[in-house]
Amino acid sequence: MRTEIIAVGTELLTGQIVNSNAQFISEKLAEIGVDVYYHTTVGDNPSRLLDVFQKAQERSDLVIVSGGLGPTEDDLTKQTIAQALGVSLETDGQAMAKINQRFVNIGRPKTVNNDRQALYLAGGKPLPNRTGLAIGSYLQKEDKTYVLLPGPPSELKPMVVEELLPLLAQGKRLYSRVLRFVGIGESLLTTLLADIISQQTDPTIAPYAKTGEVTLRLSTKASHAEEAEKRLDLFEASILSKDPQIRQAFYGYGDDNSLAQVVVSALKASHLTVTAAESLTAGLFQATLASVSGASEVLPGGFVTYSLEQKAQMLDIPVVDLEKHGVVSAYTAEQMASQSRKKTGASIGVGLTGVAGPGELEGHEVGTVYLGLATEQGVYSRLLKLGDRSRQDIRKISVLTALDWIRQDLKKTKNIV
């Protein structure tokens, strides 16, 4: 279903208000597998709105218009869209009763223009406004669907979630499952899944990328949970079996789950502990672990050793060797991991060193990161080339990569996670 969202309001064009409604609607539609192709913003001008709406009719299957449903003279969305569709406007009795009661409650006389808020597109369905007075409209005409929503986010959001989404789900409940991936970019993940994505009907896939991670929201419409679970299980299996890179990058489920939670749980299950010596991340690795409830069971302590001198003093790494290899090196990352493990008695030691910017260090470009990992099996290092990203992104990706390295190691050696 090709969808277009039209936001109405001169204040959006002048920058007085940010168009957060379009973002919210797009996010919610993606959860049920509805693709948004266009975002359009137009001022409170009937002729320009009519022009924009007619273009949307030609190229989209679902047209959602937000804003301009209120009682003032410039709130002309309903009238303009009704004219374009060749339908009249009808009054919803429940909405009118609510308007009348509101003015009784506040002890003020009602002006006639407030009655406009009870109008909806004839032949369609009024969408109740739980938090305001201006109702919405839902109209299916020929092979198109048209939706009118109020502009204030406090009114629009409940209407979308409570009224619009169930209608678009065609009477069935929407069930979703979020798959979480790390160490694989959105572009690669969607490329590997290109044939599944291009052929999706129900269930659907909605990818979302953030720094260092990608999520896939799988959604299906079903009459009951058991049916949905079976359908999502099969769909998930087809995704994870598509390519070994996908299977390896998959680490968990849910909107609120995190890689740190997965690693902490795995360490607890295997009765292991972890420590770290951090340079460019300045304690972010340990802070990320510590954000998980119960992390004290697996994190006895660690080190932040920014300078060469502190690496030598706190970790007993010979100064001459640090000067020879450089603080940004595989040697230093391995020594940081090994010595932190030795000094704390932890099962696993991690070392993080590199260049977060803004300039080069020891001839290494920004985004050069060395990770070290020390376990009972040995000491290892990895080189990351993260490019010219922001300092915060470099540090966050470094932490996520280190956590994922632990996850992968536990999976290989302990058959956990």
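What comes next is a walk through the structure. Keep in mind it's a predicted model, so treat the numbers as computed, not measured.

## A closer look at the overall build of the chain
Within the chain one finds 16 helices and 17 strands. Over its C-alpha trace the chain gives a radius of gyration of 28 Å, far above what one expects of a compact globule, namely 22 Å for 417 residues. Overall, the C-alpha framework of the chain stretches about 85 × 45 × 40 Å when taken along its three principal axes. Across the 417 residues of the chain, 49% fall into the buried class. Within the chain, counting contacts between residues at least 6 apart in sequence, those at least 24 apart form 66% of the total. Carbon and sulfur atoms make up 49% of the accessible area of the chain, which totals about 19300 Å². Of the side-chain charges in the chain, 43 are positive and 47 negative, and the distance between the mean point of each set is 3 Å.

## Digging into the environment of Ala-260
Tracing the backbone through its elements, the reader meets Ala-260 in helix H11 (residues 259-269). The class of Ala-260 is buried, set by a relative accessible area of 4%. For the pair Ala-260 and Val-87, spaced 173 residues apart in the sequence, the C-alpha separation amounts to 55 Å. Ignoring anything within four residues of it in the chain, the contact list for Ala-260 reads Thr-288, Leu-289, Val-292 and Leu-403.

## Thoughts on the environment of Phe-24
Looking at the secondary structure, you find Phe-24 in helix H2 (residues 20-31). In this structure, the C-alpha to C-alpha distance between Phe-24 and Leu-156, residues 132 residues apart in sequence, is 9.4 Å. Dropping the residues within four chain positions of it, Phe-24 is found in contact with Leu-156, Lys-157, Val-160 and Val-161.

## A look at the sheet that holds strand S12 (residues 250-253)
Sheet strands line up and pair through hydrogen bonds in the backbone, either parallel or antiparallel. Taken in spatial order, the four strands line up as S10-S11-S9-S12 in an open sheet, and their pairing is antiparallel. Strand pairing shows two members of the sheet lacking a second neighbour, strand S10 (204-210) and S12, which therefore form its edges. Strand-to-strand twist of the sheet, defined as the mean angle between neighbouring strand axes without regard to direction, takes the value 25°. Alignment of strand S9 (residues 173-182) against strand S11 (residues 213-222), held across ten bridges, turns out to be antiparallel. Paired with Leu-179 across the strands is Leu-216, a residue of S11.

## Here we look at the packing of aromatic side chains
Tallied over the entire structure, the rule returns four aromatic pairs. The interplanar angle of 50° and the centroid separation of 6.5 Å between the aromatic rings of Tyr-37 and Tyr-38 together place this pair among those described as tilted. Tyr-38 gets classed as partly exposed once you look at its relative accessible area, which sits at 32%. Between the aromatic rings of Phe-181 and Phe-250, the centroid separation amounts to 5.7 Å while the plane-to-plane angle is 55°, which identifies the pairing as tilted. A residue pair is termed long-range when its members are at least 10 positions apart, and Phe-181 in strand S9 and Phe-250 in strand S12 qualify at 69 residues. For Phe-250, a relative accessible area of 13% translates into the label buried. Members of the aromatic cluster, joined through ring pairs, are Phe-181, Phe-250 and Tyr-253. Across from the ring centre of Tyr-38, 3.8 Å away, lies the NZ or CZ of Arg-59, which sits over that ring.

## A closer look at the pattern of salt bridges
Applying the stated criterion across every chain yields a total of 16 salt bridges. As a salt-bridge pair, Asp-195 and Lys-242 come within 2.6 Å of each other at their nearest N and O atoms. Taken together, the positions of Asp-195 in helix H8 (residues 194-198) and Lys-242 in the loop between helix H9 (225-240) and helix H10 (244-249) put the pair 47 residues apart, joining distant regions of the chain. A salt bridge links Asp-404 to Arg-407; the nearest nitrogen and oxygen atoms lie 2.7 Å apart. Within this pair, Asp-404 and its partner Arg-407 are both found in helix H16 (residues 391-413), separated by three residues, close to a single helical turn. Just as Asp-404 is buried, Arg-407 falls in that class too. Beyond isolated ion pairs, a larger network of salt bridges with shared partners links Arg-177, Glu-229, Asp-233 and Glu-236.

## Quick word on the packing of H2 against helix H6 (residues 153-168)
Across the interface, H2 lies against H6 with an axial gap of 11 Å and an inter-helix angle of 25°. In this view, H2 runs roughly parallel relative to H6, as classed from their interaxial angle. Relative to H6, H2 is oriented so that their crossing is right-handed. On H6, the residues that touch Ser-20, Asn-21, Phe-24, Ile-25, Lys-28 and Leu-29 of H2 are Pro-153, Leu-156, Lys-157, Val-160, Val-161, Leu-165 and Leu-168. The residue inventory of the contact of H2 with H6, partitioned by class, reads nine nonpolar, two polar and two charged.

## Quick word on the sheet that holds strand S6 (residues 125-127)
The strand order across the open sheet built from six strands is S2-S1-S3-S8-S7-S6, with neighbouring strands paired in mixed fashion. With one partner strand each, in any of the chains shown, strand S2 (35-42) and S6 form the two edges of the open sheet. Put simply, the sheet's adjacent strands are angled 15° from each other on average, direction ignored. Note: strand S7 (residues 136-141) against strand S8 (residues 144-149), five bridges, orientation antiparallel. If you follow Ser-137 over to S8, its bridge partner there is Leu-148. Running at roughly 165° to S2, H2 makes contact with strand S1 (2-8), S2, strand S3 (62-66) and S8 of the sheet. With respect to the sheet, H6 is in contact with S3, S6, S7 and S8, its orientation differing from that of S8 by roughly 160°.

## Looking at the pairing of S8
Within S8, six of the six residues are buried, leaving the element largely enclosed by the surrounding structure. In S8, alternate side chains face the same way, and those of Lys-144, Tyr-146 and Leu-148 on one face and Thr-145, Val-147 and Leu-149 on the other are all buried. Relative to S8, S3 runs parallel, the two sharing five bridges. Paired with Ile-64 across the two strands is Val-147, which belongs to S8.

Conventions we followed
Residues numbered from 1 in each chain as written. Predicted model: local features only at pLDDT ≥ 70, side-chain atom pairs only at ≥ 80, totals over all residues. Heavy atoms only, no water. Helix = DSSP H or I, 4+ residues; strand = E, 2+ residues; numbered from the N terminus. Rg over C-alpha atoms; globule rule 2.2 N^0.38 Å. Buried < 20%, exposed > 50% of the residue type's maximum accessible area, 1.4 Å probe, protein only. Contact = heavy atoms within 4.5 Å. Areas by Shrake-Rupley, 256 points an atom, 1.4 Å probe, with all protein chains shown as cover. Lys, Arg positive; Asp, Glu negative; His and termini not counted. Charge placed at Lys NZ, Arg CZ, Asp CG, Glu CD. Pairing = 2+ DSSP bridges. Axes fitted to C-alpha atoms, helices over the stretch in contact; angles between N-to-C directions. Phe/Tyr/Trp six-rings, centres within 6.5 Å; stacked < 30°, edge-to-face > 60°. Lys NZ or Arg CZ within 6 Å of the ring centre and 35° of its normal. Salt bridge = Lys/Arg side-chain N within 4 Å of Asp/Glu carboxyl O. Parallel < 35°, antiparallel > 145°, perpendicular 65-115°, else oblique. Left-handed = near helix turned anticlockwise from the far one by under 90°. Nonpolar A, V, L, I, M, F, W, Y, C, P; charged D, E, K, R; others polar.

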